[in-house]
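The residues making up each chain are set out below.
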Amino acid sequence: MNLNEFDVIVVGGGHAGCEAALSSARLKTKTLLLTANLDTIGIMSCNPSIGGVGKGHLVREIDALGGEMGKAADFSSIQYRRLNTKKGPAVQATRVQADRNLYRVHMKQAIENQTNLFVKQRLIHSLLEKNGEIIGVQTSYGEIYSCKCLVITPGTFPNGLIHVGTEQTSAGRAGEAPTTEISDSFKELGLNVARLKTGTPPRLDGKTIDWSKTIEQPADENPLLFSFENLDVRNPQLPCHITYTNAKTHKIIKDNLHRSPMYSGQIEGVGPRYCPSIEDKIVKFADRERHQVFLEPEGLNTKEIYPNGISTSLPIDVQIKIINSIEGLENTDIMRPGYAVEYDYCDPRDLRASLESKKIKNLYMAGQINGTTGYEEAAAQGLIAGINSSLRVHGADPLILKRSESYIGILIDDLVTLGVDEPYRMFTSRAEHRLLLRDDNADFRLTPIGYEIGLIKQKRFDLFNEKRNSFNEIMEELNNSKIVPNEKNNTFLSKLGTPSLKKPTSFKEILRRPEVFYDSLIELNTGLNKIDDKIVQSLIENEIKYEGYIARQNAGIEQISKHQSIKIPSSLNINVIPGLSNELKSKLNRIQPETIGQASRISGITPAAINILMIYIKKDQSINEVKI
């Protein structure tokens, strides 16, 4: 057997690459991970946190399907924080502050210990293609590794260019060389390449911060973990701290805008709208008197602090003045300067929903190369690209997650249908049916799918079934058991601020009330058993309290899905369909939607155009049936 022959090759060892390589290998596919530096596998190159609103939903979904990010986050967490607890369950999410080193160690060990997965430190010189199909890669040493499928996850390294003031350095990350040859390969293969940019703040010396002038934000006392397999907090929990910019800070920035590469015209790439630099904040939100700076610890064994909220590419002397103008940071030293990085990305509209290229067969792409920003978005794409490349090798149909069943499905559908004009970030507002896509029910939605494709193993699936059976039993008990209207019960309910009972009422009906929670029923001594799994308790409460809304959303999905899932055959010639404008034909030919649902989300596509498409899809099917 040729040692340089593999089923799947994954290029890049970041969050997308790790999930792609692990999922492919776990599906019994001979997989090779090629990375420029073995020591940076799984590295958190920007902020030391995982999750948040929208992003945390992705992490739970990755875990529910059998991915690794949730486990790595729990392994390395030094603070759990539940967000939006005063809002509805659809927008509540978990965020963890992670020990950078522990996260990297966990991911590197998972990669190195995985059966079917081989790891090599190599730089890619070119992608090898024959007759419109990927056949392998060539390294900078001239080695050739062949494969049946290739997954590209290069992060910000393709033609990476770092900016600090007027100083420019070719790098994909501070201190690490970019990859120029891989961008050349993209262009040679006919992929559409453009530029984006992202940024990072300076890192601070925690010893020089006056913590007494900041606001402490402690960890949650009873945290909800990310992985459905984990129950206990592993590490000591540390506080974060909050401080704010002020008028002095803003004046320093305004006085030095001409030295910012963003405003001097030096940077060409478009940055993330929802994670702007401090320069952008001062210019675009000139009426704001202050902006929050979130001081995040980088780990248990380091004094380095990440000041979230002040990403900048201003010169180092200006960065020092900005930091020292902020309360609590008057004497703080900068350990590493902030910077902006520009990089190449490929238009994700050139991809199928499986993340396979429409132009080059067996080429899959995931992460920032598709125009996204964030660890979680990258990992989600990497997981799907790894799964689908492996399924292709084994001759199985690809896994395409629907918008109605996962945030991962929304993420990929948005990318391949709409494309990007700025780095894409996940928000709960992108979900049409977000009440159904809560983070507490991610395993109920996706673990059976993970088991069916082989990524969720039998032991975990048995535990999942136990959880599901327990959930159903508790729901049945809540529906069948009743509370009687006596003095003790009514007094207790009155203390909760909810109306007294006038007739025997089921636990389920009582639990519908916004003031009543499962723990309230336990306290009432109704005979219910305490639920040890906090996520199960949250799931039960949400399913009951929002039962009517959930039913309406499910009915809406069922009605919409009748047409959304209709496939657009590749044999359909868009150009000869009358009634479609040349502009719409151009868009349909450019994006090549695979379903009516995808077509309906293309900008400018009208309901009338969709009706015309459906008529000609039926005609095309009839013609093909006659030919057969």
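Residues numbered from 1 in each chain as written. Predicted model: local features only at pLDDT ≥ 70, side-chain atom pairs only at ≥ 80, totals over all residues. Heavy atoms only, no water.

Caption draft 1: Here's a closer look at the packing of aromatic side chains. In total, this model carries seven aromatic pairs according to the counting rule given. Judged by centre distance (6.3 Å) and plane angle (50 degrees), the ring pair of F6 and Y145 falls under tilted. Taken together, the residues span a long stretch of sequence, with F6 in strand β1 (residues 5-11) and Y145 in strand β9 (residues 144-152) at a distance of 139 residues. With a relative accessible area of 6%, F6 lands in the buried category. (Phe/Tyr/Trp six-rings, centres within 6.5 Å; stacked < 30°, edge-to-face > 60°. Helix = DSSP H or I, 4+ residues; strand = E, 2+ residues; numbered from the N terminus. Buried < 20%, exposed > 50% of the residue type's maximum accessible area, 1.4 Å probe, protein only.)

Caption draft 2: Looking closely at the pattern of salt bridges. As enumerated under the stated definition, the model contains 38 salt bridges in all. With a closest N to O distance of 3.0 Å, R195 and D344 form a salt bridge. Here D344 lies in strand β19 (residues 339-346) and R195 lies in strand β12 (residues 193-200), a separation of 149 residues in the sequence. By relative accessible area, D344 is classed as buried at 4%. Here R590 makes a salt bridge to D350, at a shortest N to O gap of 2.8 Å. Taken together, the residues R590 in helix α18 (residues 582-591) and D350 in the loop between β19 and β20 (363-365) connect sequence positions 240 residues apart. The class of R590 is partly exposed, set by a relative accessible area of 27%. Residue classification places D350 among the buried positions, given a relative accessible area of 6%. In the salt-bridge network here, residues are joined through shared partners; they are R403, D413, D414, E432 and R601. (Salt bridge = Lys/Arg side-chain N within 4 Å of Asp/Glu carboxyl O.)

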